[in-house]
Amino acid sequence: MKDSLFYLPVKIGNVELKNPFIVASGPTAKRIDQLKLAEKCGWSAASIKQTFNPLPYINYQPRYRWLKKEKVHVFTAEYRLNMEQGLRLVEEARKKCKELVVIANYSYVAGQDIDGWLDAARRFDSAGAQILELNLCCPNMSFNVDISERGKKEVRPSSGASMGQDEDAVRWVIENTRKVTRLPLIAKITPEGGRISEVSKVAFESGAAAVSSVANRLGIPAIDVWNYKKPIYNLQGQNTMACLSGPWIKPLALRDVFEIRKLVGPEPHINGTGGVASMEDAVQMMMCGADSIGVCTHTMIAGFGFLEKWMKSLRDYMKTMGFQTARDMRDLLLTEIKPASELTVWAGYAQVDPEKCSACGLCLEIGHCNAIVLTDASAEIDPGLCQGCSTCIDICPKKAIWMADKRI
Ligand SMILES: Cc1cc2nc3c(=O)[nH]c(=O)nc-3n(C[C@H](O)[C@H](O)[C@H](O)COP(=O)(O)O)c2cc1C
Ligand code: SF4
Ligand code: SF4
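In this text the structure is predicted, and so the values were computed from the model without any measurement.

### Observations regarding the site of ligand 3
Here is step 1: Close to ligand 3 lie C357, S358, A359, C360, G361, L362, C363, A379, C396, P397, K398 and I401.
Here is step 2: Per-class residue counts for the shell around ligand 3 are nine nonpolar, two polar and one charged.

### Quick look at the packing of aromatic side chains
Centre distance and the angle of the planes are the two values used to describe a pair of aromatic rings.
Here is step 1: Evaluated as defined, the whole model comprises nine aromatic pairs.
Here is step 2: Measuring from ring centre to ring centre gives 5.9 Å for Y317 and F323, while their planes differ by 55°; the resulting arrangement is tilted.
Here is step 3: Taken together, F21, W43, F304, F306 and W310 form an aromatic cluster joined through their ring pairs.
Here is step 4: When the ring centre of W346 is taken as origin, the NZ or CZ atom of R407, which lies over that ring, is 3.5 Å away.

### Quick look at the confidence of the model for the protein
Here is step 1: Confidence in the prediction for the protein averages 96 pLDDT; 99% of positions are at 70 or higher.
Here is step 2: Looking across the protein, the model is least confident in helix α4 (residues 142-148), with a mean pLDDT of 91, and most confident in strand β3 (residues 21-23), with 99.

### Quick word on the pattern of salt bridges
Here is step 1: Going through the model one piece at a time under the given rule, you end up with 19 salt bridges.
Here is step 2: Between D33 and R31 there is a salt bridge whose closest N-O contact spans 2.8 Å.
Here is step 3: With relative accessibility at 41%, the residue D33 sits in the partly exposed group.
Here is step 4: R31 gets classed as partly exposed once you look at its relative accessible area, which sits at 41%.

### Quick look at the pairing of strand β16 (residues 348-352)
Here is step 1: Here β16 shows one buried face, formed by G348, A350 and V352, and one open face, formed by Y349 and Q351.
Here is step 2: When β16 meets strand β19 (residues 401-405), the two strands line up antiparallel, connected through five bridges. Residue pairing in the sheet places A350 in a bridge with M403 of β19.

### Focus: the packing of helix α7 (residues 196-205) against helix α8 (residues 250-264)
Here is step 1: Packing of α7 against α8 brings their axes to within 8 Å, and their N-to-C directions diverge by 50°. Here α7 is positioned oblique relative to α8, judged by the angle of their axes. In the crossing of α7 with α8, the sense of the turn from one axis to the other is right-handed. Across the interface between the two elements, I196, S197, E198, S200, K201 and F204 of α7 pack against D256, E259, I260, L263 and V264 of α8.

### Quick look at the domain arrangement of the protein
Here is step 1: Domain boundaries in the protein define domain 1 (10-329) and domain 2 (345-405).
Here is step 2: Computed from C-alpha atoms alone, the centre-to-centre distance between domain 1 and domain 2 is 45 Å.

### Topic: the side chain of S142
Here is step 1: Topologically, S142 is positioned in helix α4.
Here is step 2: Apart from the residues within four sequence positions on either side, S142 is in contact with Y57, R156, P157, S158, S159 and S162.

Rules and cut-offs
- Residues numbered from 1 in each chain as written.
- Chains lettered and ligands numbered in written order.
- Predicted model: local features only at pLDDT ≥ 70, side-chain atom pairs only at ≥ 80, totals over all residues.
- Heavy atoms only, no water.
- Near = heavy atom within 4 Å.
- Nonpolar A, V, L, I, M, F, W, Y, C, P; charged D, E, K, R; others polar.
- Phe/Tyr/Trp six-rings, centres within 6.5 Å; stacked < 30°, edge-to-face > 60°.
- Lys NZ or Arg CZ within 6 Å of the ring centre and 35° of its normal.
- pLDDT = per-residue confidence, 0-100.
- Helix = DSSP H or I, 4+ residues; strand = E, 2+ residues; numbered from the N terminus.
- Salt bridge = Lys/Arg side-chain N within 4 Å of Asp/Glu carboxyl O.
- Buried < 20%, exposed > 50% of the residue type's maximum accessible area, 1.4 Å probe, protein only.
- Pairing = 2+ DSSP bridges.
- Axes fitted to C-alpha atoms, helices over the stretch in contact; angles between N-to-C directions.
- Parallel < 35°, antiparallel > 145°, perpendicular 65-115°, else oblique.
- Left-handed = near helix turned anticlockwise from the far one by under 90°.
- Contact = heavy atoms within 4.5 Å.
- Domains from an automatic or database assignment.

Pasting the structure below:
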């Protein structure tokens, strides 16, 4: 296996993953045929669809939209596995998948009663799960209801993303789980609340072997203003807050991984997830601090087979760049991304190539610019008025504008 295209090992606790690529918990990891196919296509691990112990008050048949143009996936209606289904899937996967590392993703609520969490940990451990992923991230539980009903007094038991923002609740669940299992624990935490790095630090101090970052963000998807009572989903009655994922969230996900790595230092394992849809996205994640890469939305849209292409292009990239291991790519952006206070900008101005300009006038519309005029034949830019922002380069359909760098 060591010579295999797919062998680029990383570790979570004492468990070796043959490569950094994990099927992130969601609809592509809820049946045994999916797990077998993922293994066949070279994935190192799969975090099975969330088990909620017991089934929660929000559980529907799935209704999804993949908004291609916006590159965002949205949903509210989704169902979780119940305990028996989750256990059966883990048991079957251990029997039928020889190489795939099986991660059990599960939730219960916060509060005094720890029994549901510990019961799930013990039972998944006995069923053969190799890693446990505590779901402290799902925005589609109490967090959805709290935000949608802001101002109402009713207090629901905190779960998912509400719980994962709370350092005390995270410490409580990880420390207690640590006492009943030796399996590596992943805390899948939430960016909601804006304290993802602080919460991650607490998770590691409490005994987590890894954190997964990020899960879905909660938002309001596009709505048809002429028919605003009708949601964009098929077969769904109401507008709702939606769980957002896919390429749209990648810049935020990169930031979260970067921020966590900066705070927790080089040792702990970070499973970078969120919007990864190409080999380059995965490398960016690693450069921002990720050890492994979780992919959900892209497997929903494109299956599992693309991993072979990713691994081939990753091998080529690593060879060209002189990287031997996944670790060699990790953290490279940690020192490259500078605080805004240390930014250097140098003088320059935009210029038009009259040969290419069609005099369409689009660049004249730029609201913050008074440097461009249109002559009979082409646009012209006054270097004295140009601030060098480069919006016109992005606007021009003819690629007729270029930037003169005054240092040269
Ligand atoms: C339809 C759907 C269902 C999901 N269900 C779960 C889940 O059960 N447990 C979990 O931890 N994350 C779940 N996620 C979150 C993903 O694992 C992942 O963290 C998130 O979607 C961001 O990654 P992506 O852009 O690659 O999808 C779900 C995501 C989607 C789109
Ligand atoms: S670079 Fe900015 S300021 Fe200069 S011409 Fe273009 S849009 Fe105007
Ligand atoms: S947008 Fe481009 S093509 Fe159109 S006028 Fe400006 S420079 Fe010329």
